[in-house]
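Geometric and topological summary
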Amino acid sequence: TLSSSSAASDVYKRQDDEQKNILIELSQNNEITFNGEPRPVIESQIRANIDRLKAENPAASVIIRPNPRSSVETMVLVMDSARQAGIFDISVVEP
């Protein structure tokens, strides 16, 4: 049936789109995690992690989800690291 096939196609497309994104979350203590991984990344490893994820998917964009109590400085550090890695499609979303 055409409609269920179309719906399945939409789900796969959305999954493909989501895989292009690098989700970076900032905790209230300014801990930085990538794509829901439980282990935080130290500041000196932000760029290396972005480089690795971009190599896996060159069309990746960055989505930053800061905690309301995280610092602006940490968010800017992440944004700068993404730009240095050549990613300019950066979004900030509410938690």
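Residues numbered from 1 in each chain as written. Predicted model: local features only at pLDDT ≥ 70, side-chain atom pairs only at ≥ 80, totals over all residues. Heavy atoms only, no water.

In terms of nonpolar packing, the biggest core is built from 19 residues, with Ile-22, Ile-24, Phe-34, Ile-50, Val-62 and Ile-64 touching the most fellow members. Among the elements of the structure, strand E1 (21–26), strand E2 (32–34), helix H2 (46–56), strand E3 (61–66) and helix H3 (72–84) are those that each provide at least two residues to this core. Ignoring anything within four residues of it in the chain, the contact list for Phe-34 reads Ile-22, Leu-23, Ile-24, Val-41, Ile-46, Asn-49, Ile-50 and Leu-53. (Core = buried A, V, L, I, M, F, W, Y, C linked by side-chain atoms within 4.5 Å. Buried < 20%, exposed > 50% of the residue type's maximum accessible area, 1.4 Å probe, protein only. Helix = DSSP H or I, 4+ residues; strand = E, 2+ residues; numbered from the N terminus. Contact = heavy atoms within 4.5 Å.)

Tallied over the full model, the rule gives 4 salt bridges. Between Arg-65 and Glu-25 there is a salt bridge; the shortest N-O distance is 3.1 Å. On the criterion of sequence distance, the pair formed by Arg-65 in strand E3 and Glu-25 in strand E1 is long-range, its members being 40 residues apart. According to the relative accessible area criterion, Arg-65 is partly exposed, its value standing at 31%. For Arg-52, the salt bridge goes to Glu-56, with nearest N and O atoms at 3.6 Å. One end of the pair, Arg-52, and the other, Glu-56, are both in helix H2, 4 residues apart, so they sit about a helical turn from each other. (Salt bridge = Lys/Arg side-chain N within 4 Å of Asp/Glu carboxyl O.)

Time to look at the sheet that holds E3. The strands making up a sheet associate through backbone hydrogen bonding, with each pair oriented either parallel or antiparallel. Pairing in this open sheet of 4 strands is mixed, and the strands run E2-E1-E3-E4 from one edge to the other. The two strands at the open ends of the sheet, each matched to only one other strand, are E2 and strand E4 (90–92). Each strand axis lies, on average, 20 degrees off the axis of its neighbour in the sheet, ignoring direction. Across 6 bridges, the pairing between E1 and E3 is parallel. Across the sheet, Ile-22 pairs through a bridge with Val-62, a residue of E3. Each of E1 and E2 is contacted by H2, which is oriented at about 10 degrees to E2, the strand it contacts most. (Pairing = 2+ DSSP bridges. Axes fitted to C-alpha atoms, helices over the stretch in contact; angles between N-to-C directions.)

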